[in-house]
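Read off the chains here:
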Amino acid sequence: MSDNRLSVFKTYKLYVGGKFPRSESGRVYEVTDSKGKWLANAPQSSRKDARDAVVAARKAFGGWSGATAYNRGQILYRIAEMLEGRKDQFVREVADAEGLSKSKAAAVVDAAIDRWVWYAGWTDKIGQVVGGANPVAGPFFNLSTPEPTGVVTVLAPQKSSFLGLVSVIAPVIATGNTAVVVASAHSPLPALSLGEVLATSDLPGGVVNILSGRTAEIAAPLASHQDVNAIDLTGADAALAKELEIAAADNLKRVLSPQPVDEGGAFDWSADPGTHRLTAFLETKTVWHPTGALGTSGSSY
């Protein structure tokens, strides 16, 4: 084997509708490591790419939200399996993206895999936690059940390129929503590689769509898009978050605002995630149903 062979550099692409397009604009931008060393060219998404991602997410919503919670859990677990098999690749990418040692990057990747398993276990349980039968006066059943909000735009954390990324994507799709994800502007490579894992994990195309580029440029058309039902502002700074909240109000989007510590990258993504992000993009449907005719002896059941 020749020692003079050329390295085959990885071409990073967007993940939209289950496919891997280059940006519609043809633009790319340089991605560097923590020391300024060039790593790769990433696609610089345009407004058209953002609109295409929303179309793909809406098309996938019916099938994904209509799937059984158990089936969604199986698919999320499959994502964890596939990540386990490609762990070395993600350790390298996370180490470069976040300036971590190999051992620390490995711990981050392990935590991200475990996070997928955590949310896989919640898919068929969250309904029991937030739903229920309500006591009412009269011969009726009154049942409240959670339903997914719809298409959710997710601005991924800027500093936590992988664990934080998984922590904001997994709860959105675990509850039956579909997602348009804007990756970290400075460290998008782990997110773009995640698209390759999702594509081979039985996840239907369009359930998760991943865009890279300038966060504000991509987020603006998504916040004002009439077919986006909710937006997670985790990866936005205070000024951008305020601007996007105003745009989101136009069609009454649900908005999950970032905590102040997110902006500095100091948020501890390794902490117990709880159920907050699972319930953030759920609607509650309440149904009344008669129990049956009542005789002198009480209910007929």
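Since this is a predicted model, take the numbers as computed values, not measurements.

Thoughts on the pattern of salt bridges
Using the criterion set out here, one finds 13 salt bridges in the structure. Note that Asp124 and Lys125 form a salt bridge whose closest N and O atoms lie 3.1 Å from each other. Accessibility expressed as a relative area gives 40% for Lys125, which makes it partly exposed. Two residues, Glu147 and Lys285, come together in a salt bridge whose shortest N-O distance is 2.9 Å. Of this pair, Glu147 sits in strand β4 (residues 140-148) while Lys285 sits in strand β10 (residues 282-290), and the two are 138 residues apart along the sequence. In this structure Lys285 comes out as partly exposed when scored by relative accessible area, which is 38%.

Digging into the packing of aromatic side chains
If you walk through the whole model with that rule in mind, you get 6 aromatic pairs. When the ring of Phe90 is compared with that of Phe162, the centres are 4.9 Å apart and the planes differ by 20 degrees; the resulting orientation is stacked. Remark: Phe162 occurs in the loop between β5 (151-155) and α6 (163-174) and Phe90 occurs in helix α3 (residues 87-98); sequence separation between them is 72 residues. The residues Phe90 and Phe162 share a single accessibility class, namely buried. Ring centres of Phe267 and Trp269 lie 4.6 Å apart, and the angle between their planes is 70 degrees; on these two criteria the pair is classed as edge-to-face. Looking at Phe267, the relative accessible area reads 25%, which means it is partly exposed. A cation over an aromatic ring shows up here: Lys10 above the ring of Tyr12, its NZ or CZ 5.2 Å from the ring centre. Between Arg58 and the ring centre of Phe61, over which it is positioned, the NZ or CZ distance is 5.6 Å.

Some words on the nonpolar core
With 60 residues, the main nonpolar core has Trp116 and Phe162 as its most contacted residues. In this view, Phe162 contacts Leu83, Phe90, Val94, Glu98, Val109, Ala112, Pro190 and Leu194; residues no more than four positions away in its chain are not counted. By size, the runner-up hydrophobic cluster in this structure holds 24 residues, among which are Leu155, Val180, Leu211 and Leu240.

Some thoughts on the sheet that holds strand β6 (residues 178-182)
Reading across from one edge, β7-β6-β5-β8-β9 is the order of the 5 strands in this open sheet, with parallel pairing throughout. Each of the sheet's edge strands pairs with one partner strand only, and the pair in question is β7 (208-211) and β9 (254-256). This sheet shows a mean twist of 15 degrees between the axes of neighbouring strands, independent of strand direction. Direction of pairing for β5 relative to β6: parallel, over a ladder of 5 bridges. Following the sheet pairing, Val151 is matched in β6 by Thr178. Packed onto the sheet, helix α1 (residues 47-66) meets β5, β6 and β7 and runs at close to 155 degrees relative to β6.

Some details on the packing of helix α2 (residues 69-85) against helix α4 (residues 102-122)
Two numbers describe how α2 lies on α4: the axes approach to 8 Å, and their chain directions differ by 165 degrees. Of the possible angle classes, the one that applies to α2 and α4 is roughly antiparallel. Relative to α4, α2 is oriented so that their crossing is left-handed. Across from Gly73, Leu76, Tyr77, Ile79, Ala80, Leu83 and Glu84 in α2, the residues of α4 making contact are Ile113, Trp116, Val117, Tyr119 and Ala120. Tallied by class, residues from the contact of α2 with α4 come to 10 nonpolar, 1 polar and 1 charged.

Some words on the environment of Ser160
Take Ser160: it is sitting in the loop between β5 and α6. Linking Ser160 and Glu93, residues 67 residues apart in sequence, is a C-alpha distance of 12 Å. Apart from the residues lying within four places of it in its own chain, the contact partners of Ser160 are Glu98, Leu165 and Trp269. Side-chain polar atoms of Ser160 contact the backbone nitrogen of Gly164, separated by 2.8 Å.

Notes on unusual backbone geometry
Positive phi, close to 70 degrees, is recorded for Asp202, a residue that is not glycine. Within the fold, Asp202 resides in the loop between α7 (189-199) and β7. Non-glycine residue Leu252 carries a positive phi angle of around 55 degrees. Counting through the fold element by element, Leu252 comes out in the loop between α9 (238-248) and β9. Since its relative accessible area comes to 75%, Leu252 is described here as exposed.

Description of the packing of helix α8 (residues 215-224) against α9
For the pair α8 and α9, the least separation of the axes is 8 Å and the interaxial angle reads 20 degrees. Taken together, the axes of α8 and α9 are roughly parallel relative to one another. Remark: the crossing between α8 and α9 carries right-handed chirality. Every residue of α9 that contacts α8 at Thr215, Ala216, Ala219, Ala220, Ala223 and Ser224 is listed here: Leu240, Leu244, Ala247 and Ala248. Across the contact of α8 with α9, the residue classes break down as 8 nonpolar, 2 polar and no charged.

About the criteria used
- Each chain carries its own residue numbering, running from 1 in the written order of its sequence.
- Totals for whole chains, interfaces and linings use every residue, but because this is a predicted model, local features are given only for residues with pLDDT of at least 70 and side-chain atom pairs only at 80 or more, for both listing and counting.
- Each side-chain value is worked out from all heavy atoms of the structure, with water and hydrogens disregarded.
- Any Lys or Arg side-chain nitrogen located within 4 Å of an Asp or Glu carboxyl oxygen qualifies as a salt bridge.
- Relative accessibility under 20% of the residue-type maximum defines a buried residue, over 50% an exposed one, and the middle range a partly exposed one, all with a 1.4 Å probe and only protein chains included.
- Numbering of helices and strands starts at the N terminus; helices are DSSP runs of H or I of at least 4 residues and strands are runs of E of at least 2.
- Stacked, edge-to-face and tilted labels apply to pairs of Phe, Tyr and Trp rings (six-membered ring for Trp) whose centres lie within 6.5 Å, assigned for plane angles under 30 degrees, over 60, and everything in between, in that order.
- Both a distance and an angle decide whether a charge sits over a ring: NZ of Lys or CZ of Arg must be within 6 Å of the ring centre and within 35 degrees of the ring normal.
- Residues grouped as a nonpolar core are buried Ala, Val, Leu, Ile, Met, Phe, Trp, Tyr and Cys residues, joined through side-chain atoms within 4.5 Å.
- Any two residues whose heavy atoms approach within 4.5 Å are treated as being in contact.
- When DSSP locates at least two bridges between a pair of strands, those strands are taken to pair.
- All axes are obtained by fitting lines to C-alpha atoms, using only the stretch in contact for helices, and the reported angles, taken between N-to-C directions, cover 0 to 180 degrees.
- Here the angle decides the label: under 35 degrees means roughly parallel, over 145 means roughly antiparallel, 65 to 115 means roughly perpendicular, and every other value means oblique.
- By convention the crossing between two helices is left-handed if the near helix lies anticlockwise of the far one by an angle smaller than a right angle, and right-handed if it lies clockwise.
- Side-chain classes follow a simple rule in which Ala, Val, Leu, Ile, Met, Phe, Trp, Tyr, Cys and Pro form the nonpolar group, Asp, Glu, Lys and Arg form the charged group, and the remainder, Gly included, forms the polar group.
- Residues adjacent in sequence count toward polar contacts only when both atoms are side-chain atoms; beyond that, a polar contact is any pair of N or O atoms within 3.5 Å, and within protein one must be able to donate a hydrogen and the other to accept it.

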